[in-house]
Amino acid sequence: MNTFLNSNSHGKKMVDKVFKAAVACNEAKKIYGDVVVDATLGTLFDEDGVFVAFDSVWGIYDTIDKIQKAKYASSIQGNPEFRLSVYNWLFGDLDENINCEIIATPGGAGAISSTMKNVLSVGETVIKPSQGWGPYNTMAAEFGLNITSYNMFKGNSFDIEDFKTVLTDIMNKEGKVLVIINDPCHNPTGYTLSEDEWDDIIEFSNLLSKQGPVIILNDIAYVDYNIKGNSWKQGFKRFNKLTENVMVVIAFSTSKTMTAYGARTGAQIVITKDQKQLEMFKDAGIYSARSIWSTVNNSAMRLFSEIMDNEENKNAFLKEKQYYVDLLKERSDIFVNEAIECGLPIYPYKEGFFVTVRIF
Ligand code: PLP
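Residues numbered from 1 in each chain as written. Predicted model: local features only at pLDDT ≥ 70, side-chain atom pairs only at ≥ 80, totals over all residues. Heavy atoms only, no water.

Caption draft 1: How the structure looks around the pairing of strand 6 (residues 177-182). Strand 6 sits mainly inside the fold: six of its six residues count as buried. Covered by surrounding structure in strand 6 are Val177, Val179 and Ile181 together with Leu178, Ile180 and Asn182, the residues of both alternating faces. One ladder, built from six bridges, connects strand 6 with strand 7 (residues 214-219); its direction is parallel. Note on strand 7: the bridge partner recorded for Ile180 is Leu217. Once the chain exits strand 6 it traverses helix 8 (residues 195-208) before rejoining the sheet at strand 7, and the crossover so formed is right-handed. (Buried < 20%, exposed > 50% of the residue type's maximum accessible area, 1.4 Å probe, protein only. Helix = DSSP H or I, 4+ residues; strand = E, 2+ residues; numbered from the N terminus. Pairing = 2+ DSSP bridges. Right-handed = clockwise from strand over helix to strand, strands pointing away.)

Caption draft 2: Main features of the pairing of strand 8 (residues 246-253). Among the eight residues of strand 8, eight are classified as buried, and the element is accordingly described as predominantly covered. Of the two faces of strand 8, the one lined by Val246, Val248, Ile250 and Phe252 and the one lined by Met247, Val249, Ala251 and Ser253 are each fully buried. Judged from the six bridges that link them, strand 7 and strand 8 form a sheet pairing that is parallel. Residue pairing for strand 8: Leu217 is matched across the bridge by Val249. Pairing geometry for strand 8 and strand 9 (residues 266-271), over six bridges, is antiparallel. Within the sheet, the bridge partner assigned to Val249 lies in strand 9 and is Val270.

Caption draft 3: Seen up close, the site of the ligand. Around the ligand there are 15 residues in total, and Gly108, Asp219, Ser253, Ser255 and Lys256 lie nearest to it. Contacts to the ligand include Gly108, whose backbone N or O atom sits 2.6 Å from an oxygen atom. Look at the ligand: alone it shows 390 Å² of surface, and the protein chains cover 91% of it. Elements with a contribution of two residues or more to the shell around the ligand: helix 5 (107-119) and helix 9 (254-257). Here the shell around the ligand takes four residues from helix 5, the largest share from any one element. Here the shell around the ligand is built from residues that sort into six nonpolar, six polar and three charged. (Near = heavy atom within 4 Å. Polar contact = N/O pair within 3.5 Å; in protein donor to acceptor, adjacent residues only side chain to side chain. Areas by Shrake-Rupley, 256 points an atom, 1.4 Å probe, with all protein chains shown as cover. Nonpolar A, V, L, I, M, F, W, Y, C, P; charged D, E, K, R; others polar.)

Structure, rendered in structure tokens:
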């Protein structure tokens with residue numbers, strides 16, 4: 001074919017439906033005014049419709065020295081202090097150690113795409129939830145991967161049977177499974193799995209891993225907006241129950257946690273009992289980082305550490321964030337109750353930014 005693009009990139013065109021809907025929504029607002037409700041993007045707005053940027057975050061950013069803002073990160077894997085801060089933020093309150101490696105990434109998106117790239121070979125299949133974040137599809141396509149879905153819901157609960165069927169099918173065909181679980185505060189339904197549902201997933205993954213490697217990609221982009229707060233993170237101990245042939249990659253993002261979407265900072269937290277595989281995964285992740293984005297934003301990594309490792313800063317941040325967690329709860333209570341009253345069908349909602357209307 002006579003084209004500047006290679007055969008993989010020929011015809012590639014990004015059509016982001018969410019951003020398109022956001023633009024359409026803004027246009028509609030100009031015509032119809034207040035009756036238009038813009039619920040298109042996973043970003044937080046206050047009661048006056050103004051984008052929320054936490055004072056407890058961006059005030060600290062202003063105190064960071066310009067040299068630190070200008071500098072490269074100190075390591076391709078991510079600044080050591082940042083990696084430690086991420087460990088403590090997620091696992092600091094647990095009474096068990098989590099055996100993991102942490103690799104800084106440009107946001108949760110970097111963590112998810114690097115995992116897809118390094119876990120599956122061209123032509124293999126990523127498994128995602130039936131309702132899910134659109135870029136999972138784009139990322140899979142970028143790496144020449146197929147994508148299939150497990151059904152999220154049976155009634156008002158997680159459809160564990162379909163989850164098992166889809167994973168077993170792919171394991172039988174391909175000898176390996178990479179499955180995305182976006183929990184808690186699932187985008188776009190706001191569902192959070194119960195402890196029992198997670199137990200079933202862990203038990204089944206252990207069983208399935210007798211046939212081949214199982215990789216669970218736990219996308220926790222909205223973890224810090226769950227109602228239980230830090231105590232939800234106790235659930236991470238479940239990953240210590242996984243057997244040797246299961247690996248978990250947690251995709252963490254500071255985008256929502258710190259209202260730092262543009263700072264493009266996050267991490268892969270890789271957990272497995274198989275020490276050799278853990279090392280190899282880390283090395284592959286660092287290699288991909290160097291070859292695709294190089295290093296992660298130095299000042300945003302420092303910012304995260306400055307907040308999380310300083311009691312005063314952390315408390316101010318937690319207080320400010322809690323205000324918005326409560327506000328989201330208040331908003332969602334109003335929406336869910338009114339949906340019930342007027343018979344508007346929605347998917348089972350528990351918490352977080354999103355709620356989705358069932359249209360079929
Ligand atoms: N996962 C989900 C479900 C999301 O909604 C988002 C952002 O909207 C992300 C991951 C990644 O976001 P970022 O790359 O900004 O961290």
